[in-house]
Structures are given as C-alpha cells and as structure tokens.
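Reading the structure
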Amino acid sequence: MVTITVDGKELKVKDDVMLIEELLANSISIPHFCYHPALGKDGNCRMCMVEIKGQKRPQIACDTPIKDGMVISTKSDSIQEVKRSILELELINHPVDCSVCDQSGECSLQNYYMDVGLYESRLSTTKVHSRKKVDLGANVVLDQERCVLCTRCVRFTKEITKTRELGILNRTDHSVIATFEDQPLTDPYAMNVVDLCPVGALTSKDFRFNKRVWFLEPEESICNRCAKACSIYVDHHKAKYEADAIFRYRPRFNPKVNGYFICDVGRLSYKIENENRLSVALINNEQNNYDETSKELKSLLAKHKSKILFLISPSLSLEEMLMIKKLEKFYDAQISGYDVNEYDKDFGDDYLKCNDLSTNRRGLNLLNIDENENILKEALSGSEIVVFIGRDDIEILDNYKNIQSQICISSSTPKNPQSYNIYLPVLTHTSKEGSYINIDGYLQFSKAKVLSQNDTKNLIEVASELLDEKVLSCEQIYKDELSKMVDNITFNEIKIQSRKLSSI
Amino acid sequence: MGIKVVPRHGSTFVEKLYLPTIAGGLKVTFSHFFQNLKDTSKIKTLSYPEQQPSDITSRYRGVHRLTKREDNTISCVACFLCATACPAECIFIEAVDREDGVEEKMPSKFSIDLLECVFCGSCVEACPKDAIRMDTGIFSFVKKKREDFVVDIDTLLSYKEFKGDKS
C-alpha cells in the first residue's frame, strides 16, 4: 500500500496496479472508453487523462503505474480542457442519433459530453459516413458510425473467447469494426460485446427498440439456465396498463462465479420467464380459480396420505427443498430428486456453461434428498399419487399402472397439461427469493422479485398452506434451519456475495 | 438566476383601514355591472356552443398532432422522450424498425389518451424532432365512448396546423 494525493485528498492505494483501477475503486470519476477491468488497458482512447505533478504532459491513467507520493489532479481547468478536446475528437464523426439509439440512457459518450464536453460542434465539412444496422449475427447489430474504436469488442473476441472474429478495417477516419468478409459471429458469448461497447455501436438485436433503458428497473438475481448460476441483473418494467415484464438479462460482476460476462443462452432465457409468468391453475386441463385448485390439491393429498411421492426438481431453492421435506414428513410421503432431463451433455464448455442444467443439484446433496434411480423406481411402484414439483417429466410414470393421480406444481405450464389431474402454477425464478448452491459449491442468494400480475403464490406459500403453517420468509427459513448446515454463513453475507461452502 | 423581491401590499394606513379598498373594489364591479346593463353587446361571456370563441391563437395548446417530413412521411422516431416527459403517462408508443431508409426507427403505435392528458405541453417541449405539436387549435374534443378518446397514430397524423385566429 502506498499513499497518493488525488485532487488534494490523500488515498491509501495498492501499488501493483494501474492508476485508473484505484481511482475508479475510490469512486473518482475518470472518463474512459477503451479500459475495461476484464480486458485491461489498451491506451487508444486517451479519455482517462490525468495531471501528475512533475510530469510535463497529462498522462493516461490506464497505463500509469502507481508510485508512492504521486500528486494527481483530475478536475483542474487545464485537464478538463484536455478531456473536452479529446471527446470532441471522438465525437467528430458521430451521427448524434441518440433519439433512435438503444444505448441512449446508458451511453458513455452521452455521460462524458454532459460531464466534460458541452461544446458546440465546430465541424464545417460533412461527417464521414459508414454502414449502419449491420447484422453481425448472434443477435449483435453493428452501427459503424457510432463507434469510437475503443476495440473492447475486438479484445473480447481475442482475449476472452479467443475466436478473433472482430477486427478493425481501414485507416484513419475510415476505420471501422467488422468481421472478416462479413462472416457472422458464432461464438456462444458474442452478446457480451453489447454490454462491453461503451457507445451505441454494438446493440442487441433481441432488445432492439423494445424499451428505452431509462424505464428499466434492474433487480439482482442469478441465472437459472445452468448449474453455473451466473450473477445477473434482471431488467424489468411494468408499463401502464400492461403486465410487469422482463426485457433483458445483463451480467452482474461476480469475481467468484462469472466475472463480467454471461453466455448468450442464459442471457436470452428471460423469455421463458416471461412465458411462465402467464401460467394459470388447471384442474383436469380446465382453467380454475387458484385458491380452489390449491384446496383441491390439499384434499387429494390428505386422501392418499402415506402413498405420495414428491418428485422434486434439482432447480428448486434450498428453502423450497426444506419445505418439501417438511411436507414429506407431514404426509408420510417419499421424496426423490432423481432427474435426468436437467442435464445436457452438449451444453457445457470450459468457460461459463456446464452440462448440468439444474440450478441447485448440490442443494439436494446438502439436504440429503435422494437422487438414486432404483430407489425412485421402488418408490414409484408403492405410490398412488405423484407430485411433480418444478418439473414436468411425466414419461417417468409410463410403466406404473398403480399411479392414480398426477399433480404438477411448477412455474411453467406442462407440455401435456391433460396428463395431470391438477396443475398449480407457482412464482417463477425471477419473482421469488431463494438461495442456491452452484456447481462449484458457491452458496448464492437470488433477490429478484419481479411482481406477478395474477394471484400466483410462491412454492413456500403453497407448501405452508398444505402444512397448515404460518408462511415464513426465505430469511426466516434460512436463519432457522439452513444457516447451521452451510458452515454458519449468515443470511446477510450471502445477500451481499457468493460464499464457497467447504462441506461440498 | 436573479431573484426579484416583490414588496408586500397592505402595510399603509389606508390599506389597513380595510373599508376604503373594499369600496374601491366595489366601484370597479358596479361600474362594469351598470355598463353591461346598458349595452349587452360588450359582455365577455359567450353563448357556447352556438357562439364559438374568436380568440384562439396559433400558440393555443389544443389537441396534439404528429407532424410530417418534407417527403410526407412521419417525423416521429419513437424515441419515447414525450412519453417520458408526460406527467399523466398518457402517451402509448410501440417502436419498430423503419425500412424506408429515412430513419432507423418509427412508431408502429402512437396513441394519446386525451381523457388522461392534462394538456401541459411537456411532450412538445421534450420532442427532439419537432414531431409532436399541439397547434391544431382543437379545444373541444367530444366523443360518446371512453375508448374514442384514445387518439391513434393515423388520426394524430391527419390533424392540420391551425394558423392564426378563428374568425
């Protein structure tokens, strides 16, 4: 640790990193385009200029190593003038089409113009025009005119995905980002360049013109597409007279799990969430009132007491699994977490995707819920009623004539709703809280609570009603029962960050 | 911005006596009363709707209209700034890709609920493209059903600019 002085304030900082990292870590605003913590410095945009005492010229903070006793100025009139001139140069051929640009509202150019720009355009010749709305494939749309050539996207394909698809063509003010001979992007992480792009040059085709970003409300959650469970922001909005809907997922920085990125499949899985939010209760495939359906379910379970099998999905949260275990005891039932469907041997890779598609399979191990196929078969032959919780693999019952009723309690409407006597929808992943253990043994908490427009309840509420118990919040269940199973990690700790479990 | 200090009235002796100023006020009232009694033609009240107002100016904030470009296509680019600025949240827009090469984006739906609208003019001020104006001079909008007050994009485009006083 060394001491530096920034704008007259002394700061204790690390000395083995570049200046910009520590300035940003101390919430000092430094405009920058090309520097990104995941991609490092490139030094091409020149926006992060600071004045350092003893140096003749302003220096770029992204390529200046920290030295003890540095005296830095980021706000003086002369450095503001430098930044203004650089920004003017960056913006010289920019089309300023913010009104149609999806980036506006979260655009670095807009922000820096308001911070240090505020000049009148001095350009007397026509701007250089290049291609707009180039479909790069993989849901990425390129606008070459809006680009500031920071090369974050180029470095992403070079350093992170190693596919080297993007590059810069031509020279001087004809330089543009492009793929070789317009070949489409194909790598499964391509949409991250949309988040990386500090301006509106790379935008998402999926999100294109769907919503202006300033309407969106971000909620912290974790992705439920595979067992990696990357941290995400769920951007949703409830428009007037319309149901609350999710418009996109964005990666949320988590150094322990996913870093700065997520995969495209996970990113687009918000669509399933939106579909599931519309599920309604069914009795014998006919739409029914939610409360009546839940009463019907209760009486059916009471009738078949001790002949019940709860087939639970390995994607339920730990709190939900605990409630189902209580149900198991209450109804003298059996419980199984055996599930082959939430596994895809072709999905995984060596980065952020894994073959296990369940969000919480390790939670089953923690709570000692059985996953053995033979025990499941035995349980099936002795049961009269099977309750599918969070899953829909009815074909598992094909050879069992002894099963009288099938029940599905899940957020998504079953593929064949006629095969179930009762279908009771529950709140979807992004509408409920819960803690999960990912494939690497990290305990994480998903906070998103996107409102549901119908009277759908969450699984904890449904289970509490079946148990005739008071409905407990996730926090209470965690504190009462879970905390001692997970190395005494407190609820507040996992609310802030993912914690590795030593026992798993 | 400078602040202008306005002196508070009512501190002089005559004003504190109260009655002289009351009499002054009544004098104005009664002078108008007798004047109008003698000659009814100068009364400001209109027998609306038989008599229509003649003092609607071109800057009067009437029902909105969507403007067109020189090539007769819609100016609006569906940037949502009007809907963002609207305090009544009565502007409903849906955006699509514009395929004719004039712009990238255009509204496929643009409706204003005139029952919710407070006619504040914030949408006109917010528009970066001069695509929405309130210069139709339409001050009375009468319909039989609630739904008819939600004016759609075609109707908004069909309204014309109102120039000058109605006479």
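Cut-offs used in this document
- Residues numbered from 1 in each chain as written.
- Chains lettered and ligands numbered in written order.
- Predicted model: local features only at pLDDT ≥ 70, side-chain atom pairs only at ≥ 80, totals over all residues.
- Helix = DSSP H or I, 4+ residues; strand = E, 2+ residues; numbered from the N terminus.
- Expected span 1.5 Å × (residues − 1).
- Buried ≥ 20, exposed ≤ 12 C-beta atoms within 10 Å, placed from the backbone.
- Pairing = 2+ DSSP bridges.
- Contact = placed C-beta atoms within 7 Å.
- Axes fitted to C-alpha atoms, helices over the stretch in contact; angles between N-to-C directions.
- Nonpolar A, V, L, I, M, F, W, Y, C, P; charged D, E, K, R; others polar.
- Domains from an automatic or database assignment.
- Parallel < 35°, antiparallel > 145°, perpendicular 65-115°, else oblique.
- Left-handed = near helix turned anticlockwise from the far one by under 90°.

The next subject is helix α9 (residues 318–330) of chain A. All names here are of chain A. Here α9 contains 13 residues, and its C-alpha end-to-end distance of 18 Å stays within 8% of the 18 Å for a straight helix at 1.5 Å per residue. Burial in α9 covers these residues: Leu318, Glu319, Glu320, Met321, Leu322, Met323, Ile324 and Leu327. Phi turns positive one or two residues past the end of α9, at Asp332, with a value near 55 degrees.

With that settled, consider the sheet that holds strand β14 (residues 282–283) of chain A. All names here are of chain A. As summarised here, the arrangement of the seven strands in space is β15-β14-β20-β19-β18-β16-β17, forming an open sheet in which the pairing is mixed. Every other strand in the sheet has two partners, leaving β15 (286–287) and β17 (334–336) as the edge strands with one partner each. Packing against the sheet, helix α8 (residues 290–303) makes contact with β14, β16 (308–312), β18 (385–389), β19 (405–410) and β20 (422–425), and its axis sits at approximately 125 degrees to β20. Across the sheet, α9 touches β16, β17 and β18, and the angle it forms with β16 is around 170 degrees.

The partner chain A presents eight residues to the 13 residues of chain B that form the contact. For the side of chain B that touches chain A, the element with the most residues is strand β2 (residues 91–97) of chain B, which contributes three residues. Among the residues forming the side of chain B that touches chain A, the class breakdown is six nonpolar, one polar and six charged.

Split into domains, chain B comes out as domain 1 (10–45) and domain 2 (65–158). Between the C-alpha centres of domain 1 of chain B and domain 2 of chain B the distance comes to 46 Å.

On to the packing of α9 of chain A against helix α12 (residues 459–467) of chain A, then. Residue and element names in this part refer to chain A. As a packed pair, α9 and α12 sit with axes 9 Å apart at the nearest point and diverge in direction by 20 degrees. Taken together, the axis directions place α9 and α12 in an arrangement best described as roughly parallel. The handedness of the crossing between α9 and α12 comes out as left-handed. Side by side, α9 and α12 meet where Glu319, Glu320, Met323, Ile324, Lys326, Leu327 and Phe330 of the first sit next to Leu459, Ile460, Ala463, Leu466 and Leu467 of the second. Taken together, the residues of the contact of α9 with α12 sort by class into nine nonpolar, no polar and three charged.

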